[in-house]
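Okay, here's what each chain looks like letter by letter:
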Amino acid sequence: MKIIGITASPREKGNTATLIQKSLDAAAAKGAETEYINLSKLTIHPCKGCNYCKAHDTCVQKDDFASVAEKIVSADGILMGSPVYFFDITAQAKIFIDRLYACVDSAFKSRVPPGKKIGFIYSQNTPDRNAFGAHLDKYNQVAGMLGIAAVGKFVSVGDVSANPAEIDGAVEIAEKLF
Ligand SMILES: Cc1cc2nc3c(=O)[nH]c(=O)nc-3n(C[C@H](O)[C@H](O)[C@H](O)COP(=O)(O)O)c2cc1C
């Protein structure tokens, strides 16, 4: 059982990083092999919309996207984490998601092997955890296009170091990946 955790916050020790890392720790304690990926440390350019990936089974751009795509292919479970920036995911997360276009073929059939699960972890300041639900839930559809089953999301509120109980919600999502 391999679970990868992807964070799309520019803050290396921020809330999203903590939530993902603690969730991976919990998954490791249950026997999973885990890997933490910080998109901000990688060079992943925006999708060019060139459709090279529809005529070939890979993206034309030779940057760090391919290594993350390979990790998705080898994982059983994925935790995708992003802070909320202006009611939605961060630019880093959106750029990464757009590049996943290379993981569907010209008939929009997924190139990702079936049987994988994904859970979403979000971090925001607004106390209402449902405030941005309409914006965030659409990423379940992205997972659906890739044939990856979405197990749910947890929206964490505020500074995790001041509210460590927030970690429990993220860990619950990680446990659904088993
Ligand atoms: C550019 C920017 C935009 C933000 N927009 C929102 C927002 O729309 N709603 C919200 O609740 N919090 C918003 N926040 C607060 C962050 O979501 C919050 O601080 C989050 O915990 C940061 O996560 P991190 O520590 O993992 O980077 C914003 C923060 C920044 C820097």
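All values derive from a computational prediction rather than experimental measurement.

(A) Main features of the overall build of the protein chain. When helices and strands are tallied, the protein chain shows 7 helices and 5 strands. Element order for the protein chain, N to C, with α for helix and β for strand: β-α-β-α-α-β-α-β-α-α-β-α. Relative to its length of 178 residues, the protein chain is compact, with a C-alpha radius of gyration of 15 Å against a globular reference of 16 Å. Projecting the C-alpha coordinates of the protein chain onto the three principal axes gives extents of approximately 50 × 35 × 25 Å. The buried share of the protein chain, taken over its 178 residues, is 39%. Contacts in the protein chain between residues at least 24 apart in sequence constitute 75% of all its contacts with a sequence separation of at least 6.

(B) Summary view of the environment of serine 23. Mapped onto the elements of the fold, serine 23 is located in helix H1 (residues 15–29). Judged by the 29 C-beta atoms lying within 10 Å of it, serine 23 is buried. Considering only alpha carbons, one finds serine 23 and glycine 169, 146 residues apart in sequence, at a separation of 9.2 Å. Not counting residues within four places of it along the chain, the set of residues in contact with serine 23 comprises Gly5, Leu79, Ile121, Ala170, Val171, Ile173 and Ala174.

(C) Here's a closer look at the site of the ligand. Lining the immediate environment of the ligand, one finds 15 residues, of which Gly14, Thr16, Pro83, Gln124 and Thr126 sit closest. Broken down by secondary-structure element, the contributors of at least two residues to the shell around the ligand are H1 and strand E4 (117–124). Here the shell around the ligand gets 3 residues from one element, more than from any other, and that element is H1. Split into classes, the residues belonging to the shell around the ligand amount to 6 nonpolar, 8 polar and 1 charged.

(D) Layout of the sheet that holds E4. One open sheet holds the 5 strands; their spatial order is E2-E1-E3-E4-E5, and the pairing between them is parallel. Since the sheet does not close on itself, it has two edges, and those belong to strand E2 (33–38) and strand E5 (149–157), each with one partner. Ignoring which end each strand starts from, the neighbouring axes of this sheet average 15° apart. Alignment of strand E1 (residues 2–7) against strand E3 (residues 77–83), held across 5 bridges, turns out to be parallel. The residue of E3 that forms the bridge with isoleucine 6 is methionine 80.

(E) Main features of the nonpolar core. By size, the foremost hydrophobic cluster in this structure holds 45 residues, and its most contacted members are Ile3, Ile6, Ile78, Leu79 and Ile121. Take this core: its biggest share by element is 5 residues, from H1. In this structure, isoleucine 3 is in contact with Leu24, Ala27, Ala32, Thr34, Ala75, Asp76, Gly77, Leu79, Ala174 and Leu177, ignoring residues within four places of it in sequence.

(F) Layout of unusual backbone geometry. Phi at phenylalanine 87 takes a positive value of approximately 75°, unusual for a residue other than glycine. With respect to the helices and strands, phenylalanine 87 occurs in the loop between E3 and helix H4 (91–99). In this structure, phenylalanine 108 takes a positive phi of about 60° despite not being glycine. Along the polypeptide, phenylalanine 108 turns up in the loop between H4 and E4. Under the C-beta neighbour-count criterion, phenylalanine 108 is labelled exposed, with 9 such atoms within 10 Å.

(G) Quick look at H1. For H1, which comprises 15 residues, the first-to-last C-alpha distance of 21 Å matches the rise-based estimate of 21 Å (1.5 Å per residue) to within 8%. Buried residues belonging to H1 abut E1, E2, E3, E4, E5 and helix H7 (166–175). Trailing H1 by a residue or two, glycine 31 shows a phi angle of about 105°, which is positive.

Cut-off values and rules
- Residues numbered from 1 in each chain as written.
- Predicted model: local features only at pLDDT ≥ 70, side-chain atom pairs only at ≥ 80, totals over all residues.
- Helix = DSSP H or I, 4+ residues; strand = E, 2+ residues; numbered from the N terminus.
- Rg over C-alpha atoms; globule rule 2.2 N^0.38 Å.
- Buried ≥ 20, exposed ≤ 12 C-beta atoms within 10 Å, placed from the backbone.
- Contact = placed C-beta atoms within 7 Å.
- Near = placed C-beta within 6 Å.
- Nonpolar A, V, L, I, M, F, W, Y, C, P; charged D, E, K, R; others polar.
- Pairing = 2+ DSSP bridges.
- Axes fitted to C-alpha atoms, helices over the stretch in contact; angles between N-to-C directions.
- Core = buried A, V, L, I, M, F, W, Y, C linked by C-beta atoms within 7 Å.
- Expected span 1.5 Å × (residues − 1).

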